Amino acid sequence: MQEHDLSWVRTEMVLAEPAPLGERGAIAWVRKNLVGSVGDTILTILGIAIVAWILPQVINWAFINAQWTGPDRTVCTTAAQGGIQPEGWTGACWAFVNAKFGQFIFGTYPIEERWRPILVAILFAALLVPMLIPKVPRKGLNAILLFLALPVVSFFLLSGGVFGLPVVETPRWGGLLVTLSLSFVGIAVSLPLGTVLALGRRSKMPIVKLLCVIFIEFVRGIPLITVLFFASVMLPLFLPAGVTFDKFLRALIGVSLFAAAYMAEVVRGGLQAIPKGQYEGADSLGLGYWQKMGLIVLPQALKLVIPAIVNTFIGMFKDTSLVLIISIFDLLGVVKQNLSDANWATPQTARSGLVFAAFVFWLFCFGMSRYSMYTERRLDTGYKR
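Naming follows an unreviewed UniProt entry, where the protein chain appears as Amino acid ABC transporter permease of Mesorhizobium tamadayense. Listed under Sequence similarities (unreviewed entry) in UniProt, the entry text for the protein chain is "Belongs to the binding-protein-dependent transport system permease family. HisMQ subfamily."

Set out below in structure tokens:
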């Protein structure tokens, strides 16, 4: 019988070793994302050159040479312009933003009553944060308080006239208060209303389908400015004599209906992406129409179109600046209105105010975008192993 020498055979598994330095860490990321090819390398060098040229100028203007405080325009103008800065000075006039900050946030809302919108903001944050955290329980109660109770409480708090609160007319509302009010109501109304319109457009009932198609196509076929102008100027002409309602409320309705028409098409796209087998499976279980839609179809459809839904929300948030056309001053409108203040007439005032407004819009839009990405990852269960 032949004997074999087995002394070279391992008796235990080889321990795992870390990947080479070139395949992990920052070096691997740079090789993969920045210099993976000749084209990537050229674009990387070009991008670094552009950033190196722009970034120092931005930092100098926005931070190093910026004027942060001051009583009037003299702190943001050169000596030749009647100010205190040296000749050739250029920098952000954040003193203007600091002096007008209250108006940028509240408009001409009475200073002694500004605790009311602040209280509304606190209530909004207290209800919104638990709603956005998946592990917090009682989402149903939270949604009722956020989307039903809060708007009613906020309306009476902001408008006054009850519980001894002084009346504050909506023409005195302005700034970020108007922007967030229009956006929140538009978002809260457009998604459920758009979902109903999408279901109606796919309905087999001819009258329901026709009405939904007419509404969606009519609203999507005209600009938002036209909708706002009609709601503000033309609508009162069709009402009985002596019957009218608040201009701000008309703008809320116009923005909400406009966003709902676009949202309907987004949701309809999600419904069309659901395989036919899902509908047949729900029918085989004996589910009714609303059970099938609410439990089977809509959850999948809405998950598929989360990016498009949030994109519509972001677009609507930015479009609120168009209410300036009907003399409602949102954040951008208040900033532009204050640019005509002679006490702050400097070459840097407009640039600083508009940069501030752009940063605020970007902050909210970026936050919505990041939460959308988080929600997509959390709900992306289709390909998890």
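**With respect to the overall build of the protein chain**
A tally of regular secondary structure across the protein chain gives 14 helices and zero strands. Ordered by position in the sequence, the α and β elements of the protein chain form the string α-α-α-α-α-α-α-α-α-α-α-α-α-α. Compactness check: the protein chain gives a C-alpha radius of gyration of 29 Å against a globular reference of 21 Å for 385 residues, more than 25% above the reference. Taking the principal axes of its C-alpha atoms as reference, the protein chain extends roughly 110 × 70 × 40 Å. A burial count over the protein chain gives 35% of its 385 residues as buried.

**Quick look at the pattern of salt bridges**
Tallying each qualifying case throughout the model produces eight salt bridges. In this structure, the salt-bridge partner of lysine 100 is aspartate 341, at a minimum N-O distance of 2.6 Å. You can see lysine 100 sitting in helix α3 (residues 94–106) and its partner aspartate 341 sitting in the loop between α13 (331–338) and α14 (349–379), a full 241 residues away along the chain. On the accessibility criterion, lysine 100 (11% relative accessible area) is buried. Across the pair arginine 201 and glutamate 265 runs a salt bridge whose closest N-O atoms are separated by 3.0 Å. Placement of the pair is arginine 201 in helix α6 (residues 176–201) and glutamate 265 in helix α9 (residues 247–273), with a sequence separation of 64 residues.

**Brief notes about α9**
For the α-helix, the turn length of 3.6 residues means that residues three or four positions removed from each other point alike. Here α9 is 27 residues long and its end C-alpha atoms lie 40 Å apart, about the 39 Å a rise of 1.5 Å per residue gives. Taken across its 27 residues, α9 has 19 buried, putting it largely inside the fold. Measuring from the backbone nitrogen of phenylalanine 248 back to the side-chain oxygen at the start of α9 gives 2.8 Å, which picks out aspartate 246 as the cap.

**Some remarks on the packing of aromatic side chains**
Counting across every chain of the model gives 18 aromatic pairs. Ring plane angle 70° and centroid distance 5.9 Å describe the contact between tryptophan 61 and tryptophan 94, whose orientation is recorded as edge-to-face. Taken together, the residues tryptophan 61 in helix α2 (residues 38–64) and tryptophan 94 in helix α3 connect sequence positions 33 residues apart. Here tryptophan 61 and tryptophan 94 have matching classes, each one buried. Measuring from ring centre to ring centre gives 6.1 Å for phenylalanine 101 and phenylalanine 356, while their planes differ by 65°; the resulting arrangement is edge-to-face. One end of the pair, phenylalanine 101, is in helix α3; the other, phenylalanine 356, is in helix α14, with 255 residues separating them in the sequence. One aromatic cluster in this structure is built from Phe96, Phe101, Phe104, Trp344 and Phe356. Note that arginine 220 overlies the ring of tyrosine 262, its terminal NZ or CZ placed 5.8 Å from the centroid.

**Notes on the UniProt feature "domain: ABC transmembrane type-1" (unreviewed entry) in the protein chain**
Following the UniProt record, one finds the feature "domain: ABC transmembrane type-1" (unreviewed entry) at residues 176–367. Strand forms 0% of residues 176–367 and helix 76%; the C-alpha atoms that close the span are 16 Å apart.

**Concerning the nonpolar core**
Ranked by size, the top nonpolar core spans 69 residues in total, and within it Trp94, Phe104, Trp173, Leu271 and Leu331 carry the most contacts. For this core, the leading source of residues is α9, giving 11 residues. Sequence-distant contacts of tryptophan 94, that is, excluding residues within four places in its chain, are made with Trp61, Ala62, Ala66, Gln67, Trp68, Ser352, Val355 and Phe356. Counting five residues, the second-largest nonpolar core is a separate cluster that includes Leu197, Cys212, Ile216 and Ala260.

Reading guide: rules and limits
- Residues numbered from 1 in each chain as written.
- Predicted model: local features only at pLDDT ≥ 70, side-chain atom pairs only at ≥ 80, totals over all residues.
- Heavy atoms only, no water.
- UniProt positions renumbered as here; feature names shortened; annotations may be inferred.
- Helix = DSSP H or I, 4+ residues; strand = E, 2+ residues; numbered from the N terminus.
- Rg over C-alpha atoms; globule rule 2.2 N^0.38 Å.
- Buried < 20%, exposed > 50% of the residue type's maximum accessible area, 1.4 Å probe, protein only.
- Salt bridge = Lys/Arg side-chain N within 4 Å of Asp/Glu carboxyl O.
- Expected span 1.5 Å × (residues − 1).
- Polar contact = N/O pair within 3.5 Å; in protein donor to acceptor, adjacent residues only side chain to side chain.
- Phe/Tyr/Trp six-rings, centres within 6.5 Å; stacked < 30°, edge-to-face > 60°.
- Lys NZ or Arg CZ within 6 Å of the ring centre and 35° of its normal.
- Core = buried A, V, L, I, M, F, W, Y, C linked by side-chain atoms within 4.5 Å.
- Contact = heavy atoms within 4.5 Å.

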